[in-house]
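The primary structure of each chain is shown beneath.
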Amino acid sequence: MLHEVTMLDSIDLDYPFTGRWLVQNSPADRVPSHGTTLFATSYAIDFVPVDDSGRSAPFTFGSLLRSEPPENFVGFGRSVLSPVAGTVVASHDVELDHHSRRGVPSIGYSLTQHLRVGAGWLALAGNHVMIRCIGGIVALCHLQHRSARVRVGQHVEIGEEIGRCGNSGNSTEPHLHVQAIDRFDIEHAEAARIAFRGTLPSNGSIIAP
(Lines give C-alpha, C1' and ligand atoms only; values in the text may rest on other atoms or scores of the structure.)
Protein backbone atom coordinates (compact mmCIF):
# COMPACT_ATOMS: atom_id res chain seq x y z
CA MET A 1 0.00 0.00 0.00
CA LEU A 2 1.27 3.48 -0.83
CA HIS A 3 1.79 5.85 2.05
CA GLU A 4 -0.61 8.47 3.32
CA VAL A 5 0.50 11.66 5.01
CA THR A 6 -1.25 12.88 8.16
CA MET A 7 -2.01 16.57 7.73
CA LEU A 8 -2.02 19.28 10.37
CA ASP A 9 -3.19 22.88 9.86
CA SER A 10 -5.17 21.98 6.77
CA ILE A 11 -8.81 22.08 5.67
CA ASP A 12 -10.17 18.59 6.27
CA LEU A 13 -12.41 17.36 3.48
CA ASP A 14 -14.51 14.31 2.89
CA TYR A 15 -13.90 12.48 -0.39
CA PRO A 16 -16.06 14.14 -3.05
CA PHE A 17 -17.14 10.90 -4.72
CA THR A 18 -18.01 7.24 -4.41
CA GLY A 19 -16.59 4.39 -6.45
CA ARG A 20 -12.92 3.91 -7.35
CA TRP A 21 -10.63 6.87 -8.14
CA LEU A 22 -6.90 7.00 -8.87
CA VAL A 23 -4.82 9.71 -7.17
CA GLN A 24 -2.58 11.88 -9.36
CA ASN A 25 -0.55 15.05 -8.79
CA SER A 26 -0.78 14.75 -5.02
CA PRO A 27 0.93 17.26 -2.72
CA ALA A 28 1.81 14.25 -0.57
CA ASP A 29 4.49 13.56 -3.20
CA ARG A 30 5.45 17.03 -4.43
CA VAL A 31 4.76 20.70 -3.70
CA PRO A 32 3.76 22.49 -5.80
CA SER A 33 1.78 19.43 -6.81
CA HIS A 34 1.09 20.59 -10.35
CA GLY A 35 4.54 22.08 -10.90
CA THR A 36 3.40 25.67 -10.47
CA THR A 37 2.07 28.06 -7.83
CA LEU A 38 -0.08 29.85 -10.42
CA PHE A 39 -3.74 30.26 -9.43
CA ALA A 40 -2.97 28.96 -5.93
CA THR A 41 -2.55 25.35 -7.08
CA SER A 42 0.37 24.44 -4.79
CA TYR A 43 -1.65 21.89 -2.81
CA ALA A 44 -4.14 20.84 -5.49
CA ILE A 45 -4.83 17.16 -6.13
CA ASP A 46 -6.38 15.19 -9.00
CA PHE A 47 -8.64 12.14 -8.88
CA VAL A 48 -9.22 10.00 -11.99
CA PRO A 49 -12.25 7.67 -11.94
CA VAL A 50 -11.27 4.09 -12.75
CA ASP A 51 -12.81 0.64 -13.05
CA ASP A 52 -12.10 -2.44 -10.93
CA SER A 53 -8.85 -3.04 -12.83
CA GLY A 54 -7.64 0.50 -12.14
CA ARG A 55 -8.10 1.75 -15.70
CA SER A 56 -9.91 4.92 -16.73
CA ALA A 57 -10.62 3.45 -20.19
CA PRO A 58 -9.35 0.66 -22.42
CA PHE A 59 -6.11 1.66 -24.13
CA THR A 60 -6.07 0.62 -27.78
CA PHE A 61 -3.84 1.33 -30.75
CA GLY A 62 -6.28 4.10 -31.64
CA SER A 63 -5.78 5.65 -28.20
CA LEU A 64 -2.11 6.01 -29.02
CA LEU A 65 -2.73 7.92 -32.24
CA ARG A 66 -5.89 9.99 -31.90
CA SER A 67 -8.09 11.78 -29.41
CA GLU A 68 -11.07 9.99 -27.90
CA PRO A 69 -14.58 11.10 -26.92
CA PRO A 70 -14.92 11.50 -23.15
CA GLU A 71 -17.82 9.05 -23.19
CA ASN A 72 -15.24 6.27 -23.71
CA PHE A 73 -14.05 6.78 -20.13
CA VAL A 74 -15.71 4.96 -17.24
CA GLY A 75 -15.89 8.01 -15.01
CA PHE A 76 -17.40 10.51 -17.43
CA GLY A 77 -20.60 11.67 -15.79
CA ARG A 78 -19.86 10.07 -12.42
CA SER A 79 -21.32 12.04 -9.50
CA VAL A 80 -19.19 14.65 -7.75
CA LEU A 81 -20.18 15.34 -4.14
CA SER A 82 -19.57 18.24 -1.81
CA PRO A 83 -16.57 17.44 0.42
CA VAL A 84 -17.56 20.12 2.96
CA ALA A 85 -20.53 21.87 4.47
CA GLY A 86 -20.67 25.46 3.31
CA THR A 87 -22.01 28.05 0.90
CA VAL A 88 -21.61 27.93 -2.87
CA VAL A 89 -19.75 31.02 -4.11
CA ALA A 90 -19.28 29.97 -7.75
CA SER A 91 -21.12 27.57 -10.05
CA HIS A 92 -20.10 27.46 -13.72
CA ASP A 93 -21.03 24.73 -16.19
CA VAL A 94 -21.34 26.21 -19.70
CA GLU A 95 -17.99 24.98 -21.04
CA LEU A 96 -18.08 22.04 -23.46
CA ASP A 97 -16.37 18.75 -22.69
CA HIS A 98 -13.58 18.23 -25.20
CA HIS A 99 -12.01 15.03 -26.50
CA SER A 100 -9.56 13.18 -24.30
CA ARG A 101 -5.93 12.81 -25.30
CA ARG A 102 -3.57 9.98 -24.50
CA GLY A 103 -0.47 8.82 -26.35
CA VAL A 104 0.72 11.08 -29.17
CA PRO A 105 -2.24 13.51 -28.94
CA SER A 106 -1.31 14.30 -25.32
CA ILE A 107 2.06 15.63 -26.49
CA GLY A 108 0.45 18.15 -28.81
CA TYR A 109 -2.00 19.12 -26.06
CA SER A 110 0.83 19.79 -23.61
CA LEU A 111 2.49 22.09 -26.13
CA THR A 112 -0.58 24.35 -26.06
CA GLN A 113 -0.62 24.54 -22.26
CA HIS A 114 0.72 28.10 -22.30
CA LEU A 115 -2.31 29.25 -24.28
CA ARG A 116 -4.71 28.00 -21.60
CA VAL A 117 -2.58 29.49 -18.85
CA GLY A 118 -2.60 32.81 -20.68
CA ALA A 119 -6.37 32.66 -21.04
CA GLY A 120 -6.76 32.54 -17.24
CA TRP A 121 -8.42 30.55 -14.51
CA LEU A 122 -11.58 29.64 -16.42
CA ALA A 123 -9.64 28.11 -19.30
CA LEU A 124 -7.80 25.91 -16.79
CA ALA A 125 -10.63 25.04 -14.39
CA GLY A 126 -13.36 24.59 -16.97
CA ASN A 127 -16.73 23.92 -15.36
CA HIS A 128 -16.40 24.21 -11.61
CA VAL A 129 -18.08 24.76 -8.25
CA MET A 130 -16.50 26.68 -5.38
CA ILE A 131 -17.72 26.29 -1.80
CA ARG A 132 -16.87 28.57 1.11
CA CYS A 133 -16.34 26.60 4.30
CA ILE A 134 -14.55 26.95 7.62
CA GLY A 135 -10.92 27.66 6.73
CA GLY A 136 -11.27 28.78 3.13
CA ILE A 137 -12.85 28.04 -0.24
CA VAL A 138 -12.78 24.64 -1.92
CA ALA A 139 -12.83 24.43 -5.73
CA LEU A 140 -13.89 21.33 -7.66
CA CYS A 141 -12.98 21.59 -11.34
CA HIS A 142 -13.33 19.99 -14.82
CA LEU A 143 -17.01 19.18 -14.31
CA GLN A 144 -19.26 17.95 -17.08
CA HIS A 145 -21.07 20.42 -19.30
CA ARG A 146 -24.42 21.49 -17.81
CA SER A 147 -24.03 19.21 -14.79
CA ALA A 148 -23.95 21.71 -11.91
CA ARG A 149 -26.61 20.90 -9.33
CA VAL A 150 -26.06 23.94 -7.12
CA ARG A 151 -26.35 27.71 -7.43
CA VAL A 152 -24.46 30.61 -5.90
CA GLY A 153 -25.67 31.36 -2.37
CA GLN A 154 -26.95 27.83 -1.78
CA HIS A 155 -25.93 25.98 1.38
CA VAL A 156 -24.63 22.45 0.80
CA GLU A 157 -23.90 19.60 3.14
CA ILE A 158 -21.18 16.95 2.92
CA GLY A 159 -22.14 14.29 0.39
CA GLU A 160 -24.62 16.42 -1.55
CA GLU A 161 -24.23 16.09 -5.32
CA ILE A 162 -22.82 19.30 -6.81
CA GLY A 163 -22.12 18.14 -10.36
CA ARG A 164 -20.66 15.36 -12.48
CA CYS A 165 -17.15 14.41 -13.56
CA GLY A 166 -16.29 15.87 -16.94
CA ASN A 167 -13.47 16.81 -19.26
CA SER A 168 -13.70 20.58 -19.46
CA GLY A 169 -10.86 23.06 -19.06
CA ASN A 170 -7.24 21.94 -18.88
CA SER A 171 -7.87 18.21 -18.84
CA THR A 172 -6.51 15.29 -20.88
CA GLU A 173 -9.14 12.82 -19.65
CA PRO A 174 -12.19 12.96 -17.35
CA HIS A 175 -11.05 13.64 -13.81
CA LEU A 176 -11.69 15.84 -10.79
CA HIS A 177 -9.29 18.57 -9.68
CA VAL A 178 -9.63 19.72 -6.06
CA GLN A 179 -7.89 22.67 -4.43
CA ALA A 180 -8.50 25.14 -1.62
CA ILE A 181 -7.78 28.86 -1.46
CA ASP A 182 -7.89 31.52 1.22
CA ARG A 183 -10.10 34.01 -0.68
CA PHE A 184 -12.47 34.16 -3.62
CA ASP A 185 -10.21 36.31 -5.81
CA ILE A 186 -8.27 33.51 -7.50
CA GLU A 187 -5.79 35.93 -9.07
CA HIS A 188 -4.55 36.98 -5.63
CA ALA A 189 -5.47 33.96 -3.51
CA GLU A 190 -3.04 31.87 -1.50
CA ALA A 191 -3.18 28.09 -1.64
CA ALA A 192 -4.56 26.35 1.43
CA ARG A 193 -3.46 22.88 2.48
CA ILE A 194 -6.10 20.16 2.31
CA ALA A 195 -6.54 16.70 3.79
CA PHE A 196 -9.15 14.00 3.28
CA ARG A 197 -10.48 12.50 6.49
CA GLY A 198 -7.27 13.60 8.19
CA THR A 199 -4.79 12.19 5.67
CA LEU A 200 -3.46 12.95 2.21
CA PRO A 201 -3.23 10.06 -0.26
CA SER A 202 -0.16 9.70 -2.43
CA ASN A 203 0.15 9.29 -6.18
CA GLY A 204 -1.00 5.92 -7.46
CA SER A 205 -3.33 5.26 -4.56
CA ILE A 206 -6.79 3.94 -5.39
CA ILE A 207 -9.47 5.60 -3.26
CA ALA A 208 -12.78 3.80 -2.80
CA PRO A 209 -14.62 5.57 0.03
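Higher on the page you've got the structure.
Described in the following lines is the structure provided in the data block. (Residues numbered from 1 in each chain as written. Predicted model: local features only at pLDDT ≥ 70, side-chain atom pairs only at ≥ 80, totals over all residues. Heavy atoms only, no water.)

1. Let's talk about the environment of Arg149
Filter applied, for reference: In DSSP terms, a helix is any run of H or I states spanning at least four residues, a strand is any run of E spanning at least two, and both are numbered starting from the N terminus. We call two residues in contact whenever any of their non-hydrogen atoms come within 4.5 Å of each other.
Its place among the elements puts Arg149 in the loop between strand 8 (136-143) and strand 9 (155-156). Through-space distance from the C-alpha of Arg149 to that of Glu161 is 6.7 Å; in sequence the pair is twelve residues apart. If near-sequence neighbours (up to four positions away) are discounted, Arg149 is found in contact with Gln154, Glu161, Ile162, Gly163 and Arg164.

2. Re a nonpolar patch on the surface
Note the following rule: Like charges within 9 Å and nonpolar side chains (Val, Leu, Ile, Met, Phe, Trp, Tyr) within 5 Å are joined into patches, using only residues over 30% in relative accessible area that form no salt bridge. Note on areas: Shrake-Rupley with a 1.4 Å probe; residue coverage comes only from the protein chains shown. Think of a salt bridge as a Lys or Arg side-chain nitrogen and an Asp or Glu carboxyl oxygen that are within 4 Å of each other. In this scheme, a residue with accessible area under 20% of its type's maximum is buried, one over 50% is exposed, and one in between is partly exposed, where area comes from a 1.4 Å probe on protein chains only.
There is a patch of nonpolar side chains on the surface, built from Phe59, Phe61, Leu64, Leu65 and Val104 and spanning about 510 Å² of accessible area. When residues in the nonpolar patch are grouped by element, the largest group, three residues, is from helix 1 (residues 61-65). With respect to the helices, strands and loops of the structure, Phe61 is situated in helix 1. On the basis of relative accessibility, which here comes to 63%, the residue Phe61 falls in the exposed class.

3. A closer look at the pattern of salt bridges
Under the definition given, this model contains six salt bridges. Put simply, Arg102 and Glu68 hold a salt bridge, and the shortest N to O gap is 2.9 Å. Remark: Glu68 occurs in the loop between helix 1 and strand 5 (79-81) and Arg102 occurs in the loop between strand 6 (86-92) and helix 2 (104-111); sequence separation between them is 34 residues. By the burial criterion, Arg102 is buried, and Glu68 matches it. Between Arg183 and Asp182 there is a salt bridge; the shortest N-O distance is 2.8 Å. Judged by its relative accessible area of 38%, Arg183 is partly exposed.

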